[in-house]
Amino acid sequence: MRIVMIGTGYVGLVSGACFADFGHEVVCVDKDQSKIDALLAGEIPIFEPGLDELVAKNVEAGRLAFTLDLAEALPGTDAVFIAVGTPSRRGDGHADLSYVYAAAEEMAPLLPEGVVVVDKSTVPVGTGDEVERIIRETAPDLEFSVASNPEFLREGAAIDDFKRPDRVVIGVNDEHAERVLAEIYRPLTRNESPLVVMSRRGAELTKYAANAFLATKIGFINEIADLCEKVGADVRDVAKGIGLDSRIGNRFLMPGPGYGGSCFPKDTLALLKTGQDYESPLRIIESVVASNDQRKRSMGRKVINALGGGDQHGKTVAVLGLTFKANTDDMRDSPAISVVQALQDGGIHVKAYDPEGMEQAKKVIDKVTYCEGPYEAMEGADAAVIVTEWDAFRALDLDRMKDLLKTPLLVDLRNLYSRTDVERHGFEYVAVGR
Ligand code: NAD
């Protein structure tokens, strides 16, 4: 199959490279000259484990190419995937669909007969209808289909998620689109990843429902963690106790500083907007969003309370980890932003280190001393706080930390350590929900 992928971000580049690896011929198109220049020079513009080798291998094999020019990419293609960003619209939280619609307008005069336009970006119900209308306006006689194929990969494990998904969701309103997508995904369905075929609107909603459900699981365990602290229980016991029930499942039951990233915050907000537009209240998700917003900043106050509470002006805190989760350089809506802001608002100076996210962090977090490593960040600080669960923070040298810190205080917002171990080294240890 010949595939064009519009947008070479986390989703577009990973999907494009994986499709090429399945044996399809893929051209990835982006508007961002610097991204295409980097890719043509053999560099990967984002950090995603294993992506550099996968891209290099498929470029070498002649199955994967990059261009700025849509007109060069489209002739003869069987499917065009739209994988552009759908951020929150400033002001009202609605998904900003301007990139999706712009892509539809740009491709409309260039599309070959019989092509399937597949929306892979996360988009509200009805977006496929609008994409179809936009293309039809420019190309009234063209035979084409518009399908929805939401992506469920996780940054940091994106290639594995793409190649071994729990399911592939396909939303189609005609048989031709279903056939083309079934052919594209055949290497996966042969390996028993189920292809779930439904209507286009059903597929669009499935993606939001999945993310909202996962966000709810996180919000739920975070509130249970707070209650555990109050009643003297350990949230890890409670999570295990409920998670072994197969109806609940043990994943996504790790309390922490609140969910962030490029998907859950914007997708829960966009789903709320859809609920409002269709006068179908989504009270549970409203509560999850409010609870999570509150939580991110409250984690900064948790650190201030650990320092003794009240006025902690002039103190210094070492923040370990800035990205919204480990194994990515993505800083979008990272809880670290709120934690650092809350500390700075309390007059506290922040020294920070992240294994992959420093360049992105510098664009969104100001007035921080960025350090070369975790120990440099801790030197002379009054406390260390683990915000992201990077492997590099799982086995810190506690004796060395104790020498470097002014006071031996470790706030572990990811529950990476055993209290006994840390306290044995003479630390005060503050964790989440225990
Ligand atoms: P991203 O911002 O990393 O990448 C989007 C890319 O699209 C950018 O490189 C941008 O330059 C390019 N682009 C925008 N308009 C274009 C146009 N008209 N022509 C060509 N290129 C254009 O975004 P992302 O994180 O890959 O997310 C893409 C979509 O996938 C979003 O809807 C997101 O919600 C969804 N999604 C993301 C993830 C994730 O983990 N990042 C997971 C599942 C779904």
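Residues numbered from 1 in each chain as written. Predicted model: local features only at pLDDT ≥ 70, side-chain atom pairs only at ≥ 80, totals over all residues. Heavy atoms only, no water.

Keep this limit in mind: UniProt positions are given in the numbering used here, feature names are shortened, and annotations may be inferred rather than shown by experiment.
An unreviewed UniProt entry annotates the protein as UDP-glucose 6-dehydrogenase originating from Erythrobacter westpacificensis. Per UniProt, the protein carries the Pathway (unreviewed entry) text "Nucleotide-sugar biosynthesis; UDP-alpha-D-glucuronate biosynthesis; UDP-alpha-D-glucuronate from UDP-alpha-D-glucose: step 1/1." Note on the protein: under the UniProt heading Catalytic activity (unreviewed entry), the record states "UDP-alpha-D-glucose + 2 NAD(+) + H2O = UDP-alpha-D-glucuronate + 2 NADH + 3 H(+)".

## Description of the sheet that holds strand 9 (residues 316-320)
Note the following rule: The criterion for strand pairing is that DSSP finds at least two bridges linking the strands in question. Helix and strand assignments follow DSSP, with helices taken as H or I runs no shorter than four residues and strands as E runs no shorter than two, numbered in order from the N terminus.
On the basis of which strands lie adjacent, the open sheet formed by 6 strands has the order 11-10-9-12-13-14 and parallel pairing. Only two strands of the sheet have a single neighbouring strand rather than two, namely strand 11 (369-370) and strand 14 (428-430). Of the strand pairs in this sheet, strand 9 and strand 10 (residues 349-353) are connected by 5 bridges, and their pairing is parallel. Residue pairing across strands places Val 319 opposite Ala 352, the latter belonging to strand 10.

## Side note on the UniProt feature "domain: UDP-glucose/GDP-mannose dehydrogenase C-terminal" (unreviewed entry) in the protein
Mapped onto the present numbering, the UniProt feature "domain: UDP-glucose/GDP-mannose dehydrogenase C-terminal" (unreviewed entry) falls at residues 318-419. Within residues 318-419, the helical portion is 30% and the strand portion 18%, while the C-alpha atoms at the span's ends are 19 Å from each other.

## Digging into the state of the cysteines
The condition is simple: What counts as a disulfide here is a pair of cysteine sulfur atoms lying within 2.5 Å.
Summed over the entire model, instances satisfying the criterion amount to 0 disulfides. Cysteine Cys 263 shares no disulfide, and the gap to the nearest cysteine sulfur, in Cys 18, comes to 16 Å.

## A closer look at the pattern of salt bridges
Side-chain pairs of opposite charge can arise whenever the charged atoms involved come near each other. Convention followed: Salt bridges are defined as contacts in which a side-chain nitrogen from Lys or Arg sits within 4 Å of a carboxyl oxygen from Asp or Glu. For every residue, the accessible area obtained with a 1.4 Å probe (protein chains only) is divided by the maximum for its type, and the residue is called buried under 20%, exposed over 50%, and partly exposed between those limits.
Enumeration according to the criterion identifies 29 salt bridges in this entry. The shortest N-O distance in the salt bridge between Glu 183 and Arg 186 comes to 3.3 Å. On the basis of relative accessible area, Glu 183 is assigned to the partly exposed category, the value being 29%. What makes Arg 186 partly exposed here is its relative accessible area of 39%. Linked by salt bridges that have partners in common, Asp 129, Glu 132, Arg 200 and Arg 201 make up one network.

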